[in-house]
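Structure assessment
Here are the chains, one letter per residue:
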Amino acid sequence: MPARPNARLLPVTPNGLPGWCDRFLDDPVAGEFFASRAWYDTLLTGALPVDAAPVLALAEDTALLPLLRQGRRLSALVSPYTLDWRPLPAPGADAAALRTAGRALGGKLRLRPPTRLDTLDPEAPGFARLLEGISAAGLRPLRFLHTGNWHEPLVPGAGWDGYLATRPPALRNTIGRKLRAARGATFEWLAAPGPALEAGIAAYADVRARSWKPHEPFPDFDAALMRVAAGLGLLRLGVLRDAAGRAMAAQYWILDRGGRRATVLKLAHAEDSRAASPGTVLTARMIQGLLAEGVAELDFGRGDDDYKRLWAGARRQRIGLLLADPLHPAGLLALARQAGGALRRRLRPAAEARPA
């Protein structure tokens, strides 16, 4: 019988992932940006909670799980900016190797409070096989719905007019009316490092400060990520200014999958410019530019905000997991809560159907 791979929990400095991680990480340009060194190193240096330490769960040469440790609890290495977290299988790892690696990782996560993994794509490569192995190690994966992801696969060659024809009539009318009204505004499309980008980053920060959005937990993160993405040729930052040159709206997108997907990371408009609908105008102008570059999919990130379903017609479910050990008190409590919730859901229809 082949030896089971050894699983380890390895601490990481907040300066970035060690070099040996590269074999598990995606190319940020050709692959998944949110599974790349560019993403994780920016996250570690700019958006790490003060009470958390990064740690890597490694099953030898087969799979890597970037995690955070807070006391005895482990969770996925995510932040408020994370749109997609996934286990990182080694290239070429087959189903049997991934199940074996999952079993080794599951054994390493035993006898501790439940490990929380969220913002998970259930279709991510290797995820199902790793989970089979983790379950075989004695952990119970408790699944929950985490967040929605609205996106729009684009018809090749349809262009702006084709895309616009698929949008709700109310949005089409609003876009036409507001674009005509905004002819005196200035639109800036910024992609390359340099003084123009730095001015655009400053405009984004100014708009963000004048927007309706809550306090930014890591105020320097967006600027750092924009600079990293620009250095890779993946940033598309848009700024809309009024006739006086003051920024009314700003948003930035990141390209990956060889330029086939564009994901909006952040967008904001100034409340004092709300009447001009600068957010709608800027989103329309950005999508026009992205379509001209040949993007095949627009991705509106995490969350089910009402505006997203106007711009995108498809929704994916991101899930979460609690990897609970029945032999640990916190794991047993999590299992009991799940069982209680399932029982309440079964009883609710009968209670609602009972005559008053």
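In this report, we go over the structure that sits alongside the text. Predicted, not measured: the structure shown is a model, and the values here were computed from it. (Residues numbered from 1 in each chain as written. Predicted model: local features only at pLDDT ≥ 70, side-chain atom pairs only at ≥ 80, totals over all residues. Heavy atoms only, no water.)

**Things to note about the nonpolar core**
A general feature of soluble globular proteins is that nonpolar side chains tend to end up buried together. Applicable threshold: Grouping buried Ala, Val, Leu, Ile, Met, Phe, Trp, Tyr and Cys residues that are joined through side-chain atoms within 4.5 Å yields what is termed a nonpolar core. Exposure classes here rest on a 1.4 Å probe applied to the protein chains alone. A residue is buried below 20% of its type maximum, exposed above 50%, and partly exposed in between. Counting from the N terminus, the helices are DSSP H or I runs at least four residues long and the strands are E runs at least two residues long. We call two residues contacting when some pair of their heavy atoms lies within 4.5 Å.
Within the largest apolar cluster, 104 residues are counted, with the highest numbers of intra-cluster contacts made by Trp39, Tyr40, Trp85, Leu237, Trp253, Ile287 and Leu298. Counting residues per element, this core draws most heavily on strand β10 (residues 247–256), at 8 residues. Beyond its immediate stretch of four places on either side in the chain, Trp85 contacts Tyr40, Leu65, Pro66, Leu67, Ala76, Leu77, Val78, Leu117, Asp118, Thr119, Leu120 and Asp121.

**Structural notes on the side chain of Ser79**
For Ser79, the position within the fold is in the loop between β4 (73–76) and β5 (88–89). In contact with Ser79, not counting residues within four places along its chain, are Leu43, Ala47 and Arg302.

**Topic: the packing of aromatic side chains**
Aromatic ring pairs are described here by two measures, namely the spacing of the ring centres and the angle between the planes. Heads up, the rule is: Two aromatic rings from Phe, Tyr or Trp, using only the six-membered ring of Trp, form a pair when their centres are within 6.5 Å; if the ring planes differ by under 30 degrees the pair is stacked, by over 60 it is edge-to-face, and anything between is tilted. Distance and angle both matter: a charge sits over a ring if NZ of Lys or CZ of Arg is within 6 Å of the ring centre and within 35 degrees of the ring normal.
Taken as a whole and judged by the stated rule, the model has 9 aromatic pairs. Ring pairs connect the aromatic residues Phe33, Phe34, Trp39, Tyr81, Phe218 and Phe221, which therefore count as one cluster. Stacked on the ring of Phe24, the Lys or Arg Arg23 has its end atom at 5.3 Å from the ring centre.

**Description of the pattern of salt bridges**
A side chain with one charge may pair with a side chain of the opposite charge, provided their charged atoms come close. This is how it is decided: In what follows, salt bridge is the name for a side-chain nitrogen of Lys or Arg lying within 4 Å of a carboxyl oxygen of Asp or Glu.
Here the structure, examined in full by the defined rule, presents 29 salt bridges. Arg318 is the salt-bridge partner of Asp84, the closest N and O atoms lying 3.7 Å from each other. Residue Asp84 is found in the loop between β4 and β5, and its partner Arg318 is found in strand β13 (residues 314–324); the two are separated by 234 residues along the sequence. With a relative accessible area of 4%, Arg318 lands in the buried category.

**A closer look at the layout of surface pockets**
We count it as follows: Here a cavity is any set of points on a 1 Å grid over the protein atoms alone where a 1.4 Å probe fits but cannot get out, and a pocket is any open set with protein on both sides within 12 Å along at least 5 of 7 lines; a residue lines the site when it has an atom within 4 Å of a point. Grid points are joined across faces, edges and corners, and a volume is the space filled by probe spheres set on the points. Three classes are used, and their members are as follows: Ala, Val, Leu, Ile, Met, Phe, Trp, Tyr, Cys and Pro are nonpolar, Asp, Glu, Lys and Arg are charged, and the others, Gly among them, are polar.
Here the largest pocket defines a volume of roughly 840 Å³. Top element by residues in the lining of the largest pocket is strand β11 (residues 261–269). It accounts for 6 residues. Within the lining of the largest pocket, the residues separate by chemical class into 20 nonpolar, 8 polar and 9 charged. Here the second largest pocket is characterised by a volume of approximately 270 Å³. Looking at the second largest pocket, it is lined by 14 residues, and the ones nearest its centre are Arg73, Pro114, Leu322, Ala334 and Arg337. Elements supplying a minimum of two residues to the lining of the second largest pocket: β4, β7 (140–153) and α10 (329–353). For the lining of the second largest pocket, the leading source of residues is α10, giving 5 residues. Each residue belonging to the lining of the second largest pocket can be placed in one class, and the counts come to 8 nonpolar, 2 polar and 4 charged.

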